[in-house]
Amino acid sequence: MSTTQSSEFPPQSSVLSTQSSKNETTPLELLNLHLTDGKSKGNKSNKLYQKFNRELSWDAILNKGYQTDLAPLLYHIINKSPELATCNLIISQETKSKLRALYNHYLATILIQFNELDKILSTFEREGIDVIQLKGAELAKNYYPNQKLRPMGDIDLLVRKEDIKSAKECLINQGYEFNENSKKNFPSVKHNTIALTIIDLHRYVAKSDFIKNNLLEFWENTLPINKNQRHILTIPEEFLLLHILWHTYRNLSNHLYLRLIWLLDIALIIREKDNIDWIFIEKKANEWGIQKQVYFCLYFTTQLFSIVFDKNIMRALMPSNQSIKIFDFVTLRIENKKQASKNSKRVYIILLNLISLNAIYERVKYLLYISKSLLEESTGKNKICQYK
């Protein structure tokens, strides 16, 4: 999935007034109220919560392009969440007006994306191509109040390796153009007068040196979404959650890039599915070698959002206290992607990767990779050390 958050939103002529924004319910408080049916605004004593509650201001979202993909859900919460009617929300008319404009901007793109997705899935069904919707599309349809509330940078579809050629031909016949020079997956683009639709075809759920997951397990545990669509498949929430946790940590540790909507996705899966098999999650995290990534993303999510789940998994997967302190150190210092210095980013990336690795040989292998990366950078062949 693309790691570039859209910055295209209606230009705003002025920032929110100091008086109107000072006492307003913050976006992070609003999201926590939504997750808890009005019971909690979040853990205000937590340092990480304080950092993001400060940075995720209405001004940042509406005027500075920060985490704008949260706007549709925030707009929905303010206008269509009766359970929050008694919470004494303080939202200025100025904020509501600008939020509505941003919501409408995203709405047009989302409607186009899902219209395209429906046509693609219908074609795959007709051609007998098995497909699993990953990440954004799956989450929007099953975990958000409405699929129009979850923006997507692109649409990720997993198909069997032997079906890649047929899937590409289907997309080409529908007007998509493939980037044959791409080193990962098979991204394709379809131009539209309003927005681009990007389809990312995947052969693998996670392609990484240290991910030991068995792709066959995903396919063996799928079910058709309904009796009339036998080739459009869905995976259990445990597999979906594991994939989202791994994907989130991968982007954080390789790019120092975090879309808060990814943590919100995690919180919504946990909130909507109270029957998640956490023993299974623990077992698979250990089998696949991603127990630390799972722990740190759950840990990060619980710092920002008030969610209730079986905390035994946190105790079972907990890394050393030193690793947790390093994670806290880095996440408290992550700035806007464009503000962080090159050297700081490199140090933080290295730290986040090292604390996620289990065996000594894995850490040695990673450090050798870093050495090679730095050498290539010094000769102009590589810009920054990013791990697979």
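Every value quoted in this text rests on a predicted model; they were computed, and no experiment measured them. (Residues numbered from 1 in each chain as written. Predicted model: local features only at pLDDT ≥ 70, side-chain atom pairs only at ≥ 80, totals over all residues. Heavy atoms only, no water.)

Caption draft 1: The arrangement of the overall build of the protein chain in detail. Assigned secondary structure in the protein chain consists of 17 helices and 7 strands. The burial tally for the protein chain puts 54% of its 388 residues in the buried class. Taking contacts inside the protein chain between residues at least 6 apart in sequence as the whole, the part at least 24 apart equals 73%. Accessible area of the protein chain: about 18200 Å², with a carbon and sulfur share of 49%. (Helix = DSSP H or I, 4+ residues; strand = E, 2+ residues; numbered from the N terminus. Buried < 20%, exposed > 50% of the residue type's maximum accessible area, 1.4 Å probe, protein only. Contact = heavy atoms within 4.5 Å. Areas by Shrake-Rupley, 256 points an atom, 1.4 Å probe, with all protein chains shown as cover.)

Caption draft 2: Focus on the pattern of salt bridges. A complete count under the given rule lists 13 salt bridges for this structure. With its nearest N and O atoms 2.7 Å apart, the salt bridge here joins R259 to D69. Here the residue R259 occupies a position in the loop between α10 (237–255) and α11 (260–272), and D69 occupies one in the loop between α4 (58–63) and α5 (71–80), the gap between them amounting to 190 residues. D69 shares its class with R259; the two are buried. Of the charged contacts in the structure, one is a salt bridge between D265 and R150, with a shortest N-O distance of 2.5 Å. Placement of D265 in helix α11 and of R150 in the loop between α7 (136–142) and β2 (155–159) is noted, with a sequence separation of 115 residues between them. R150 carries the same exposure label as D265, and that label is buried. (Salt bridge = Lys/Arg side-chain N within 4 Å of Asp/Glu carboxyl O.)

Caption draft 3: Structural context of the packing of helix α2 (residues 27–35) against α11. Across the interface, α2 lies against α11 with an axial gap of 11 Å and an inter-helix angle of 15°. As far as their axial angle goes, α11 and α2 are roughly parallel. Classified by chirality, the crossing of α11 by α2 is right-handed. Seen from α2, the contacting residues are L31, H34 and L35; seen from α11, they are L264, A267, L268 and R271. Each residue belonging to the contact of α2 with α11 can be placed in one class, and the counts come to 5 nonpolar, 1 polar and 1 charged. (Axes fitted to C-alpha atoms, helices over the stretch in contact; angles between N-to-C directions. Parallel < 35°, antiparallel > 145°, perpendicular 65-115°, else oblique. Left-handed = near helix turned anticlockwise from the far one by under 90°. Nonpolar A, V, L, I, M, F, W, Y, C, P; charged D, E, K, R; others polar.)

Caption draft 4: Summary view of helix α13 (residues 291–304). Taking 1.5 Å as the rise per residue, α13 with 14 residues should run 20 Å; its terminal C-alpha atoms sit 20 Å apart, in good agreement. Counting buried positions along α13 gives 13 out of 14 residues, so the element sits mostly inside the fold. (Expected span 1.5 Å × (residues − 1).)

Caption draft 5: The arrangement of unusual backbone geometry in detail. Unusually for a residue other than glycine, K135 sits at a positive phi of about 50°. Located in the positive-phi region is L256, a residue other than glycine, with phi close to 50°. Along the chain, the position of L256 falls in the loop between α10 and α11. A relative accessible area of 7% means that L256 is categorised as buried.

Caption draft 6: Examining helix α17 (residues 360–378) more closely. Along its 19 residues, α17 runs 27 Å from first to last C-alpha, staying within 8% of the 27 Å computed at 1.5 Å per residue. Considered for burial, the residues of α17 that qualify are E362, Y366, I370, S373 and E377. All buried residues of α17 lie within an arc of 80° about the axis, which places them on one face of the element. Those residues of α17 that are exposed and aimed more than 90 degrees away from the buried face are I360, Y361, L368, K372, L375 and S378. (Arc of directions from axis to C-beta.)

Caption draft 7: Expanded view of the packing of aromatic side chains. Counted under the stated rule, the structure contains 17 aromatic pairs. Summarising the aromatic geometry, the rings of Y257 and W262 are spaced 5.6 Å apart at their centres and angled 70° between planes, so their arrangement reads as edge-to-face. Note on accessibility: Y257 and W262 belong to one class, buried. Both rings, one in F296 and one in F327, keep their centres 4.7 Å apart while their planes meet at 15°; by these two values the pair is stacked. With F296 in helix α13 and F327 in helix α15 (residues 321–331), this pair connects stretches of sequence that are 31 residues apart. Residue F296 is classed as buried on the basis of its relative accessible area of 0%. Of the residues examined, F327 reaches a relative accessible area of 0% and is grouped as buried. (Phe/Tyr/Trp six-rings, centres within 6.5 Å; stacked < 30°, edge-to-face > 60°.)

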